[in-house]
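Structural overview for review
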Amino acid sequence: MQVSYRKATLDDLEELVRLRIEFLREVQPAETHQYSEEQLSGSLREYLSRAMQADEFVAWLAIYDNEIVATSGLCFFQITPGFTLIDGKIAYILNIYTLRQWRGKGVGKETFNQILQEAINRGYKRISLHASDAGRPVYEKFGFRLTGDEMELRLP
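Below: a short report on this structure. Since we're looking at a predicted model, the values are computed, not measured. (Residues numbered from 1 in each chain as written. Predicted model: local features only at pLDDT ≥ 70, side-chain atom pairs only at ≥ 80, totals over all residues. Heavy atoms only, no water.)

1. Thoughts on the overall build of the protein
The secondary structure content of the protein amounts to four helices and six strands. Reading the helices (α) and strands (β) of the protein from amino to carboxyl end gives β-α-α-β-β-β-β-α-β-α. Over its C-alpha atoms the protein spans a radius of gyration of 16 Å, differing by no more than 12% from the 15 Å that the globule rule assigns to 156 residues. Dimensions of the protein along its principal axes, counting C-alpha atoms only, are 45 × 40 × 35 Å. Classification of the 156 residues of the protein by burial places 35% in the buried group. Residue pairs at least 24 apart in sequence account for 62% of intrachain contacts in the protein once pairs closer than 6 positions are excluded. Accessible surface, the protein as shown: approximately 10400 Å² in total, 51% of it carbon and sulfur. Considering the protein, the positive charge centre built from 19 side chains and the negative charge centre built from 22 side chains are found 5 Å apart. (Helix = DSSP H or I, 4+ residues; strand = E, 2+ residues; numbered from the N terminus. Rg over C-alpha atoms; globule rule 2.2 N^0.38 Å. Buried < 20%, exposed > 50% of the residue type's maximum accessible area, 1.4 Å probe, protein only. Contact = heavy atoms within 4.5 Å. Areas by Shrake-Rupley, 256 points an atom, 1.4 Å probe, with all protein chains shown as cover. Lys, Arg positive; Asp, Glu negative; His and termini not counted. Charge placed at Lys NZ, Arg CZ, Asp CG, Glu CD.)

2. Points about the pattern of salt bridges
Two side chains carrying opposite charge are able to pair once their charged atoms lie near each other. A full pass over the atoms with the stated rule returns 13 salt bridges. Measuring nitrogen to oxygen at the nearest pair gives 2.8 Å for the salt bridge that ties Arg-103 to Glu-26. Of this pair, Arg-103 sits in the loop between β5 (89–98) and α3 (107–121) while Glu-26 is found in helix α1 (residues 13–27), placing the two residues 77 residues apart along the sequence. For Glu-26, a relative accessible area of 34% translates into the label partly exposed. Taken together, the shared-partner salt bridges connect Lys-7, Asp-55, Glu-118 and Arg-122 into one network. (Salt bridge = Lys/Arg side-chain N within 4 Å of Asp/Glu carboxyl O.)

3. Some thoughts on the side chain of Ser-41
Examined against the element boundaries, Ser-41 turns out to sit in helix α2 (residues 37–53). The buried category is assigned to Ser-41, whose relative accessible area is 12%. Ignoring any residue separated from it by four or fewer positions in sequence, one finds Ser-41 in contact with Val-17 and Ile-21.

4. Describing unusual backbone geometry
For Asp-55, which is not glycine, the phi torsion reads 60 degrees and is therefore positive. The residue Asp-55 is located in the loop between α2 and β2 (57–58) in this model. Classification of Asp-55 by relative accessible area gives partly exposed; the value is 40%. Phi at Asn-95 takes a positive value of approximately 60 degrees, unusual for a residue other than glycine. By the element assignment, Asn-95 lies in strand β5.

In C-alpha cells form, the structure reads like this:
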C-alpha cells in the first residue's frame, strides 16, 4: 500500500470542496445545517480559490491510486501582537478528514503531520485546532493541549 502525500493545488479545488462537504456531513448533524450543499459548495469554491491564491489557506492530501484518501487544511491569520504572541500570527488546522476505509492505517496521522510541518516551516509559533473527542488523543501525541479560555458569540 503506497500512499503519497502532496500539497493541494487549485487543480484539486473540486475534490477539496467535495471532501469538505463529506467531512461536514459526518461531523455536523443535518438539523444544524443552515445552508444547502449547493450554497456551501459555491462559498467553498470562492473561499478556497481566493485563499489558496493568496497563500492564506493550504491543504495537504494523501493519495492512493490517483484517489484522495485523506485531506487536511491550514488557515493563516494574524491578531494584534501581545506578550504571549509577539507577531500575532496564528495557524489554524481544520478539516482533518480520512475516508472511512482508510482510517486506522496512519494515513490521517501522516496527513496531519504534513500540515503541522507546513505551519512550523512558515515560522508559526501558535497553531490551533478544534478537536473531536476521537481526535484529541492523536493531537495530544503531537503536543497539543486543551485550552479553555475562549468564548464565542454566534449571530444570525
